[in-house]
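Here are the chains, one letter per residue:
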Amino acid sequence: MQFIADLHLHSKYSRATAKKLDLEHIHISAQKKGVAVIATGDFTHPAWFTEIHEKLVPLPNGLFQLNKTLSKEAEKHVPPSCRQPVFFILSCEISNIYKKDGKVRKNHNLVFLPDLETAKKFNQQMEKIGNIRSDGRPILGLDARDLLEIVLEAADSAFLIPAHIWTPWFSLFGSKSGFDDLKTCFEDLTPHIFALETGLSSDPKMNWRVSDLDGLSLVSNSDAHSPEKIAREANVFDTEISFSAIRSAIADQKGTRFKGTLEFFPEEGKYHLDGHRKCGIRFQPEETRKHQGRCPECGGPLTLGVLHRVDELADRKTEKKPEEAPGFKRLMPLAEILAEILNVGPASKSVIKMHQKLIETYGPELFILHRLPLDALDAADIPLLKEAMRRMRNEDIVIQPGYDGEYGAIRIFSEAERSILSGRQSLFTLRKDESFPEENRKGKGTAISITPNID
Ligand SMILES: [Zn+2]
Ligand SMILES: [Zn+2]
């Protein structure tokens, strides 16, 4: 069966996360988004691990479900149109900070384990290495290669996926403290890495330029720090719902059971372009090179974004899809689309209300964004929604790219269109929105995503 999985998120015990990020809210949000398999996150944290024990029921398929009492209570908060079983997969993220070849390395790695007993032993090992109590995503002075070794010894089916591999500060290929290739990081154990998480600021297409990544599955996850952000990126599978089926679908590069990913527009990610946020300097890679990597305002070093780093490590000019790679589809969160239509912030009450009404009528968010026939939206009676959705799907949008920790932003309608279409203004009183130049409009009405395998 075809289903969507989000394999990376955090709990309320990780730093800078929402207080309500508990298993019940994850369970509810997964259904509203249309996700069948969701990461527990943070299982190394003792309090969270206890919560997992108390609230989740282990299943023979290596996954977990919220217990009957809690899921019955939670169901009240899920519209009937969205209700579906939710399966949890035991996962955590480790922040590895260590010295290798004379340089400080910092990278994040996702660990997946098949059962609580294995996780308990794994946690005991981690506790000997460092503090797992202060943060749901523990920082350990452990070489990523050695972490992989511990994971492989924990259970036959246990696996590790390097997280958001291009972000500058904490990742495998990060410009600040990463490696230039997989092998230098994982050495003799490199063959046990079969997948990489591309992160919000990059998409599979950018990764296809790096031949070192050929034959590795490129997964995408939300890395959510609040229930609302769940599934902002996710994976599509067509296999049975079980730990081993998911693992083997990702590991089997020639397979067809991993169907591809639902992606952010990579420009929307926090580290797409280069720059210096404090000084408001945002550069394309070639501008950065022209300035020798220095901020023209303060002279400090620019933070090199994901595009720059991919450029550096790429050995191919074109972003040609490897034959066996699955497809992907770029999407915007529904709240952002509604926010633009209503001309308010994405967290405002009117957006939340409209979002709720839409999922009650049509089903989960990802279904609406990705599959709902456009004509069905006529009945929603929200002016501009159908046109906004059509443009988003065709990538007919203008993006202000993210840089140095600042998220990018997307505009679907030009300021002129918005004013005229909404009848608020005549053409004469228009001010130009300089931050979203129309000449940067992508797509121009033609779909450019490569989506052969996702339907
Ligand atoms: Zn991380
Ligand atoms: Zn500066």
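Residues numbered from 1 in each chain as written. Chains lettered and ligands numbered in written order. Predicted model: local features only at pLDDT ≥ 70, side-chain atom pairs only at ≥ 80, totals over all residues. Heavy atoms only, no water.

J.: Which residues make up the environment of M392, and what are the values?
T.: Residue placement: M392 occurs in helix α14 (residues 385-393). Residues M392 and L140, 252 residues apart in the sequence, show an inter-C-alpha distance of 41 Å. Those residues in contact with M392 that lie beyond four places of it in its chain are F265, R330, L331, M332, I337, L369 and I397. (Helix = DSSP H or I, 4+ residues; strand = E, 2+ residues; numbered from the N terminus. Contact = heavy atoms within 4.5 Å.)

J.: Explain the pattern of salt bridges to me, and be specific about the residues and the numbers.
T.: Counted according to the given criterion, the structure contains 27 salt bridges. With a closest N to O distance of 3.4 Å, D252 and R257 form a salt bridge. A relative accessible area of 33% places D252 in the partly exposed class. Exposure remark for R257: the relative accessible area of 27% places this residue in the partly exposed category. Two residues, R390 and E387, come together in a salt bridge whose shortest N-O distance is 3.0 Å. Residue R390 and its partner E387 are both found in helix α14; the two are separated by 3 residues, about one turn of the helix. (Salt bridge = Lys/Arg side-chain N within 4 Å of Asp/Glu carboxyl O. Buried < 20%, exposed > 50% of the residue type's maximum accessible area, 1.4 Å probe, protein only.)

J.: Before we move on, could you go through the packing of helix α11 (residues 334-342) against α14 and cite the residues and values that matter?
T.: For the pair α11 and α14, the least separation of the axes is 10 Å and the interaxial angle reads 130°. The orientation of α11 with respect to α14, classified from their angle, is oblique. As α11 packs across α14, the resulting crossing turns out to be right-handed. Every residue of α14 that contacts α11 at L334, I337, L338 and I341 is listed here: L385, A388, M389 and M392. Across the contact of α11 with α14, the residue classes break down as 8 nonpolar, no polar and no charged. (Axes fitted to C-alpha atoms, helices over the stretch in contact; angles between N-to-C directions. Parallel < 35°, antiparallel > 145°, perpendicular 65-115°, else oblique. Left-handed = near helix turned anticlockwise from the far one by under 90°. Nonpolar A, V, L, I, M, F, W, Y, C, P; charged D, E, K, R; others polar.)

J.: Residue-level account of the coordination of the zinc ion (ligand 2), with values.
T.: The coordination sphere of the zinc ion (ligand 2) contains the protein donors H276 (ND1), C279 (SG), C295 (SG) and C298 (SG), at a distance range of 1.9 to 2.4 Å. Taken together, the 4 donor atoms coordinating the zinc ion (ligand 2) and their angles of 104 to 121° define a geometry best described as tetrahedral. According to the relative accessible area criterion, C298 is partly exposed, its value standing at 43%. (Donors = N, O, S within 2.8 Å, 3.2 Å for Na, K, Ca; no water. Tetrahedral: all angles 85-135°; square planar, octahedral: opposite > 155°, others 65-115°.)

J.: I'd like to hear about the state of the cysteines, residue by residue, with values.
T.: Between two cysteines, a covalent bond joining their sulfur atoms is known as a disulfide. Applying the stated criterion across every chain yields a total of 0 disulfides. Considering cysteine sulfurs only, C185 is the nearest to C92, which forms no disulfide, with 16 Å between them. (Disulfide = S-S within 2.5 Å.)

J.: I'd like to hear about the sheet that holds strand β9 (residues 159-162), residue by residue, with values.
T.: Sheet architecture is open: 4 strands sit in the order β8-β6-β7-β9, paired in mixed fashion. What marks the edges here is a single partner per strand, and that holds for β8 (139-140) and β9. Where strand β6 (residues 91-100) and strand β7 (residues 103-112) come together, 10 bridges link them in antiparallel fashion. Looking at β7, one finds that C92 is bridged to V111. (Pairing = 2+ DSSP bridges.)

J.: Could you give me a rundown of the confidence of the model for the protein chain, with the residues and numbers involved?
T.: Mean pLDDT for the protein chain: 91, with 94% of residues reaching 70 or above. The low-confidence segment residues 426-431, where pLDDT is below 50, has 6 contacts with residues more than four positions distant or belonging to other chains. The low-confidence segment residues 444-453 (pLDDT under 50) makes 29 contacts with residues lying over four places distant or belonging to another chain. (pLDDT = per-residue confidence, 0-100.)

J.: I'd like to hear about the pairing of β6, residue by residue, with values.
T.: Across the 10 residues of β6, 8 count as buried, placing the element largely inside the fold. In this structure, the hairpin formed by β6 and β7 is closed by a connection of 2 residues, where D101 is found at a positive phi of approximately 50°. Examined bridge by bridge, β6 and β8 share 2 bridges and lie parallel to one another. Residue pairing in the sheet places N96 in a bridge with L140 of β8.

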